[in-house]
Amino acid sequence: MSEAVLAVGAPGASAPGASGARQFWRRLRTQRAALVAAVVVALLVLIALAAPLLTAIEGQDPTTYHPSLVDSARGGVPIGSFGGVSADHWLGVEPQTGRDLFARLTYGARVSLGVALAATVVQVLLGVVLGVIAGLGNRWVDLAVTRIADIFVSMPLMVIALALLAIVPTSFPRPVLVALVVGLVSGWGTLAKMVRAQTLTLKQLDYVSAARLSGWGTARIARRELLPGLAAPVITYSALLIPQNITVEAALSFLGVGVKPPTPSWGQMLTAADVWYQAAPQYLLLPAGALFVTVLALTVLGDGVRTALDPRAASRLRIGTGRKREAKAAEGEAEAAKGGGAA
């Protein structure tokens, strides 16, 4: 059986190409909150990537001490109003050390977002590979993978992460270690079970059976026929994993086992700021606000992506998914379908 016959026999799975992308974008545009969240996330990523340029424009760096900018007689409180805000220090300076807060905040964004994204990549790779293996394997392979996934799902993440991070030598790059621990311990088990269930459903469809009868191997069937059908749920789950991983990294750094000084991290900044909330409140509010905005924006964007990829599922946040917007999206899809039929 030729590939052309297979393509005809599987119209729904042949290509989630331009038309599928247009439908997704049309649905996503109706959710204003998701679009705003996407803009916020893009700005945060841009700030993280441009941290060296931004701090060079300011003329500061995240590690240089400025003891002359803090009042040692008062325990290291920044000199000046609003925590030492000036033309040279746009957001003030850190208590006791006098390090520039803007530089540490922007470089902290690189660490927090980088660790979260790297951990998400590890989780997605493990979850998709093991889920497909379980769905396509025999009964014993399926049972073994499912039980391993159940074990990791039930593991207490913080306890395991604390133990692993405490015993690894400090010479190992800490951001890389945190990303690996978070990615290997949590998240992927649930994704693997979800991918397994979806694979068991997809492999019963006619176009997969046709590909198997044509002599395609298991790896080729998984790559050419199953992975396109798994894209939507995997993308949705990945978008919701990123804010969770940012929170975990911040919690680990807050507990003192995450990213180590002098490398800046939002969670690490919160650890040192808990005793300065009265004398220098901006030292606590800035990283806490950045963390809150990032997690909120990623959560709203992830929910918007989920709703756009699966229009039958209502938004969990009830943001940007009112009846008028849903009716408008349905009307747009009907017009597009009518135009395509006329063409």
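One can find the structure itself at the top, above this paragraph.
If you're wondering where the values come from, they're calculated on a predicted model, not measured in any experiment. (Residues numbered from 1 in each chain as written. Predicted model: local features only at pLDDT ≥ 70, side-chain atom pairs only at ≥ 80, totals over all residues. Heavy atoms only, no water.)

A. Region of the structure containing helix 5 (residues 101-136). Given a rise of 1.5 Å per residue, 36 residues ought to cover 52 Å, and the 52 Å separating the end C-alpha atoms of helix 5 matches this to within 8%. Measuring from the side-chain oxygen of the N-cap residue of helix 5 to the backbone nitrogen of Phe 102 gives 3.2 Å; that N-cap residue is Asp 100. (Helix = DSSP H or I, 4+ residues; strand = E, 2+ residues; numbered from the N terminus. Expected span 1.5 Å × (residues − 1). Polar contact = N/O pair within 3.5 Å; in protein donor to acceptor, adjacent residues only side chain to side chain.)

B. Quick peek at the packing of aromatic side chains. For the structure on display, the rule yields 2 aromatic pairs. Measuring from ring centre to ring centre gives 5.0 Å for Trp 90 and Phe 102, while their planes differ by 55 degrees; the resulting arrangement is tilted. Of this pair, Trp 90 sits in the loop between strand 2 (77-78) and helix 5 while Phe 102 sits in helix 5; the two residues are 12 residues apart in sequence, bridging distant segments of the chain. Looking at Phe 102, the relative accessible area reads 14%, which means it is buried. Seen from their ring centres, Phe 152 and Trp 188 are 4.9 Å apart, and the 50 degrees between their planes marks the pair as tilted. On the criterion of sequence distance, the pair formed by Phe 152 in helix 6 (residues 139-154) and Trp 188 in helix 9 (residues 188-202) is long-range, its members being 36 residues apart. Given the relative accessible area of 26%, Phe 152 is considered partly exposed. Take Trp 188: its relative accessible area is 4%, and that puts it in the buried class. Over the face of the ring belonging to Trp 140 we find Arg 139, whose NZ or CZ atom lies 4.5 Å from the ring centre. (Phe/Tyr/Trp six-rings, centres within 6.5 Å; stacked < 30°, edge-to-face > 60°. Buried < 20%, exposed > 50% of the residue type's maximum accessible area, 1.4 Å probe, protein only. Lys NZ or Arg CZ within 6 Å of the ring centre and 35° of its normal.)

C. Local environment of a nonpolar patch on the surface. The grouping of Phe 172, Val 176, Leu 180 and Leu 184 at the surface amounts to a nonpolar patch, some 310 Å² of accessible area in total. Relative to the assigned elements, Leu 180 resides in helix 8 (residues 174-185). Here Leu 180 falls in the partly exposed class, since its relative accessible area comes to 34%. (Patch = residues over 30% accessible without salt bridge, like charges linked within 9 Å, V, L, I, M, F, W, Y side chains within 5 Å. Areas by Shrake-Rupley, 256 points an atom, 1.4 Å probe, with all protein chains shown as cover. Salt bridge = Lys/Arg side-chain N within 4 Å of Asp/Glu carboxyl O.)

D. Up close: the environment of Ala 118. Looking at the secondary structure, you find Ala 118 in helix 5. Judged by its relative accessible area of 34%, Ala 118 is partly exposed. Placed 61 residues apart in sequence, Ala 118 and Ala 179 show a C-alpha to C-alpha distance of 5.8 Å.

E. Summary view of the side chain of Thr 294. Mapping Thr 294 onto the fold places it in helix 13 (residues 281-309). Note on Thr 294: relative accessible area 1%, which makes it buried. A polar side-chain atom of Thr 294 sits 2.7 Å from the main-chain carbonyl oxygen of Ala 290.

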